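Residue-level structure breakdown
So the chains spell out like this:
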Amino acid sequence: MLIHIPNVLDAAQVAQCRAALDSAEWVDGRNTAGYLSQRVKDNAQVPDVHPVARQLGDMILGILEKHATFTSAALPLKVVPPLFNRYAGNQTYGRHVDGAIRPVTGTPHRVRTDLSATLFLSAPEEYDGGELVVEDTFGPRSIKLPAGDLVLYPGTSVHRVEPVTRGARLASFFWIQSMVREDSQRTMLFELDNSIQHLGRDVPQHPAVVQLAGLYHNLLRRWADA
Ligand code: NI
C-alpha cells in the first residue's frame, strides 16, 4: 500500500526546516548506502548525528506521533530518526531496495524497515525531475508532492529518485518498523479503521460500529507485536 498524507508539516514548519537545513553541513549520501546502492546513489545528506538532523527529526516524529492517519496506516512500533537529503545538478538515486534492518547510530537498537517514508520539503515548482518512483504490483508509481506532504510505501519496494535537472529537491526520509509486519494485513486494518471512522461519523449510534471496532482490535491482537 502506498499512502499520501498531506500537510504533515504546515508552511511555517517547512520554512523552519528549510532555514535549519541551510545552516547544516552536507556530506556525500553514499556514506550511508550499502555496497549495491552506493553504485546508483548520488545525493547529499546531513549526517545523522548532526544537531540539526536530530532537532528537526524530533520535531517531525513529535508531529507524527499525534497524527491519526499516519498512526492508522503505519501502526508504528519503532522509527529510525529522520534523515535529510538534497538532490541538485542532475543528482539521482537509481533503482534500489532499502536494507531490511537499519541500525540506529549511537544506540544498540535496530529497526526493521517495514515502511519507508519520504517527507517533501521543496515545492514541486522549485525543481524539475526528482520524482520518487516506486515499483508497485500495478506498475511504477511516480510521486512528487507539495512541501509538507508525506508518502508512505512498503519497505519491500524497488524504488528510485529521478535526476533533478533544475533547482534542488530537499526531503526528509526515514523507516518505520510496524507492529504489523505484513503489508497486506496492515492494509486491511487501515481500510477497516477508515470504514469504522466513516460509519461512526455518519451513523454514530449504529450497534455495528462497536462490533466492527471489536473486530478491528481482535485482528490487531492477532497480528500485532507490541
Ligand atoms: Ni531507498
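A brief structural summary. For clarity, every value in this text was computed on a predicted model and none was experimentally measured.

Description of the pattern of salt bridges
Applying the stated rule across the entire model yields 10 salt bridges. Residue Arg-18 pairs with Glu-126 through a salt bridge whose shortest N-O separation is 2.9 Å. With Arg-18 in helix 1 (residues 11-22) and Glu-126 in the loop between strand 10 (115-120) and strand 11 (128-129), this residue pair connects regions lying 108 residues apart in the sequence. Linking Asp-183 and Arg-186 is a salt bridge whose minimum nitrogen-to-oxygen distance equals 3.2 Å. Taken together, the residues Asp-183 and Arg-186, both in helix 5 (residues 183-202) and three residues apart, mark about one turn of the helix. For Asp-183, a relative accessible area of 22% translates into the label partly exposed. Judged by relative accessible area, which is 1%, Arg-186 ranks as buried. Members of the salt-bridge network, linked through shared partners, are Arg-95, Glu-135, Arg-160 and Glu-162.

Remarks on helix 6 (residues 207-223)
Between its terminal C-alpha atoms helix 6 stretches 25 Å, which fits the 24 Å expected from 17 residues at 1.5 Å a residue. Those residues of helix 6 lying buried are Ala-208, Val-209, Tyr-216 and Leu-220. Along helix 6, the residues classed as buried sweep out an arc of 115° about the axis, all on the same side. Structural note: helix 6 exposes Pro-207, Val-210, Gln-211, Arg-221 and Arg-222 on the side pointing more than 90 degrees away from its buried face. Those residues of helix 6 that are buried are in contact with helix 5.

Looking at the side chain of Ser-172
Looking at the element boundaries, Ser-172 is found in strand 17 (residues 168-178). Reaching out from Ser-172, the side chain makes a polar contact with the backbone oxygen of Leu-83 at a distance of 3.0 Å. When sequence neighbours within four positions are dropped, the list of residues in contact with Ser-172 reads Ile-60, Pro-82, Leu-83, Phe-84, Ala-117, Thr-118, Leu-119 and Leu-121.

Quick notes on the coordination of the nickel ion
At this site the nickel ion is bound by His-96 (NE2), Asp-98 (OD) and His-159 (NE2), with donor distances of 2.1 Å. All donor residues of the nickel ion come from one chain, and their arrangement in sequence is H-x1-D-x60-H. Residue His-96 is classed as buried on the basis of its relative accessible area, which comes to 7%.

Remarks on the packing of helix 5 against helix 6
Close contact between helix 5 and helix 6 brings their axes to 10 Å; oriented N to C, the two are set at 160°. On the basis of their axis angle, the class for helix 5 and helix 6 is roughly antiparallel. Two packed elements cross with a definite hand, and for helix 5 against helix 6 that hand is left-handed. Seen from helix 5, the contacting residues are Gln-185, Met-188, Leu-189, Leu-192, Asp-193, Ile-196, Leu-199 and Gly-200; seen from helix 6, they are Val-209, Leu-212, Ala-213, Leu-215, Tyr-216, Leu-219, Leu-220 and Trp-223. Considered class by class, the residues forming the contact of helix 5 with helix 6 number 13 nonpolar, two polar and one charged.

The rules behind the values
- Residue indices follow the written sequence of each chain, beginning from 1 at its first position.
- Given that the model is predicted, a residue must reach a pLDDT of at least 70 before its local features are reported, and side-chain atom pairs must reach 80 or more before they are shown or counted; all residues, however, enter totals for whole chains, interfaces and linings.
- Here the side-chain values reflect all heavy atoms present in the structure, with hydrogen atoms and water set aside.
- Between Lys or Arg on one side and Asp or Glu on the other, a salt bridge is scored when a side-chain nitrogen of the former is within 4 Å of a carboxyl oxygen of the latter.
- A run of DSSP states H or I qualifies as a helix once it reaches four residues; a run of E qualifies as a strand once it reaches two. Both are numbered from the N-terminal end.
- Accessible area is worked out with a 1.4 Å probe on protein chains only. A residue is then buried under 20% of its type maximum, exposed over 50%, and partly exposed in between.
- Any helix carries an expected span of 1.5 Å times its number of residues minus one.
- Directions from the helix axis toward the C-beta atoms define the arc.
- Contact between two residues is taken to exist if any of their heavy atoms lie within 4.5 Å; hydrogens are not considered.
- Nitrogen and oxygen atoms within 3.5 Å of one another constitute a polar contact, given that in protein one can donate a hydrogen and the other can accept it, and given that sequence-neighbouring residues count only through two side-chain atoms.
- Donor criterion used throughout: N, O or S atom within 2.8 Å of the metal, extended to 3.2 Å for Na, K and Ca. Water excluded; incomplete-looking sites may result.
- For every element, the axis is a line fit to its C-alpha atoms; helices are fit only across the contacting stretch, and the angle between N-to-C directions ranges from 0 to 180 degrees.
- Roughly parallel refers to an angle under 35 degrees, roughly antiparallel to one over 145, roughly perpendicular to one between 65 and 115, and oblique to any angle outside these ranges.
- In this scheme the handedness of a crossing depends on how the near helix is turned from the far one: anticlockwise by less than a right angle means left-handed, clockwise means right-handed.
- Charged means Asp, Glu, Lys or Arg here, nonpolar means Ala, Val, Leu, Ile, Met, Phe, Trp, Tyr, Cys or Pro, and polar covers whatever is left, Gly included.

None of the figures reported here should be taken as evidence of function without further support.
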